[in-house]
Amino acid sequence: MKLTVFFEEPYWVGIVEAEKDGKLLAGRHIFGGEPSLPEVWEFVLHRLSSVADRLSCGVDIAKATQPKANPKRLARLAARESRGRGVSSASQEAIKQELDLRKQEKTRLSKELREAQAKRKREIAVQKAKAKHRGR
């Protein structure tokens, strides 16, 4: 069995996948608010069996098309998935987007300021050069 928890507007949803008799079965459980790790663990221990009983009819899995997986590769894939994106809330995503927008705005403003200072320096240099040649 595999449990995948993700945010699907406006709730957190868990998808349970199981393989039985050459068929892939899938079910869905709505958590509501963002579940903490103890809540997910409690779900797996106590309520997963009720979701597993309600799994809908699945799709045939062709064993011939799937080569046997190397156990080391499976371990690496499992580690990569667990290491991937941590549990984050929609508010954290919104804050991150806000920070990115502020960063872009600050970059734009600092570029304009830098260009204005360079232009002012050029004008001063041109005025100094004209002042040197004034008497000739």
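Residues numbered from 1 in each chain as written. Predicted model: local features only at pLDDT ≥ 70, side-chain atom pairs only at ≥ 80, totals over all residues. Heavy atoms only, no water.

Concerning the overall build of the chain
Filter applied, for reference: Secondary structure counts use DSSP, requiring at least four H or I residues in a row for a helix and at least two E residues in a row for a strand, with both numbered from the N terminus. For every residue, the accessible area (1.4 Å probe, protein chains only) is compared with the maximum for its type, and the residue is labelled buried under 20%, exposed over 50%, or partly exposed between those bounds. In this analysis, two residues are considered to be in contact whenever any of their non-hydrogen atoms come within 4.5 Å of each other. In these tables, accessible area is a Shrake-Rupley quantity obtained with a 1.4 Å probe, and a residue counts as shielded only by the protein chains included in the view.
Per the secondary structure count, the chain includes three helices and four strands. Residues counted as buried form 15% of the 136 residues belonging to the chain. Expressed as a percentage of contacts within the chain between residues at least 6 apart in sequence, the contacts between residues at least 24 apart total 42%. Surface accessibility of the chain: about 11800 Å² in total, with carbon and sulfur atoms responsible for 56%.

Observations regarding the pairing of strand β3 (residues 23-32)
Looking down a regular strand, the side chains alternate between one sheet face and the other. Operational definition: Strands qualify as paired when DSSP identifies two bridges or more between them.
Here strand β2 (residues 11-20) pairs with β3 via nine bridges, running antiparallel. Bridge pairing in β3 links Val-13 to Ile-30. In sequence, β2 turns back onto β3 through a hairpin of two residues, with Asp-21 there showing a positive phi of about 55°.

Here we look at the confidence of the model for the chain
Stated formally: Along the chain, pLDDT gives the predictor's confidence residue by residue, from 0 to 100.
For the chain, per-residue confidence averages 80 on the pLDDT scale, and residues scoring 70 or more make up 82% of the total. Averaged pLDDT values for the elements of the chain fall to 59 in strand β4 (residues 59-60) and rise to 90 in helix α3 (residues 90-132).

Describing a nonpolar patch on the surface
The line we're drawing: Residues with no salt bridge and a relative accessible area higher than 30% make up the patches, which join like charges within 9 Å and nonpolar side chains (Val, Leu, Ile, Met, Phe, Trp, Tyr) within 5 Å. We define a salt bridge as a contact between a side-chain nitrogen of Lys or Arg and a carboxyl oxygen of Asp or Glu at a distance within 4 Å.
A surface patch of nonpolar side chains, amounting to about 310 Å² of accessible area, comprises Trp-41, Val-44 and Leu-45. With respect to the helices and strands, the residue Leu-45 is situated in helix α1 (residues 37-53).

Points about the nonpolar core
In plain terms, the rule: In this text, buried Ala, Val, Leu, Ile, Met, Phe, Trp, Tyr and Cys residues form a nonpolar core when linked through side-chain atoms within 4.5 Å.
One finds Trp-12, Val-16, Phe-31, Phe-43, Leu-48 and Val-51 forming the largest nonpolar core, which totals six residues. Secondary structure elements with two or more residues in this core: β2 and α1. Here this core takes three residues from α1, the largest share from any one element. The residues touching Phe-43, leaving out its near neighbours within four places in the chain, are Leu-3, His-29, Phe-31, Leu-48 and Val-51.

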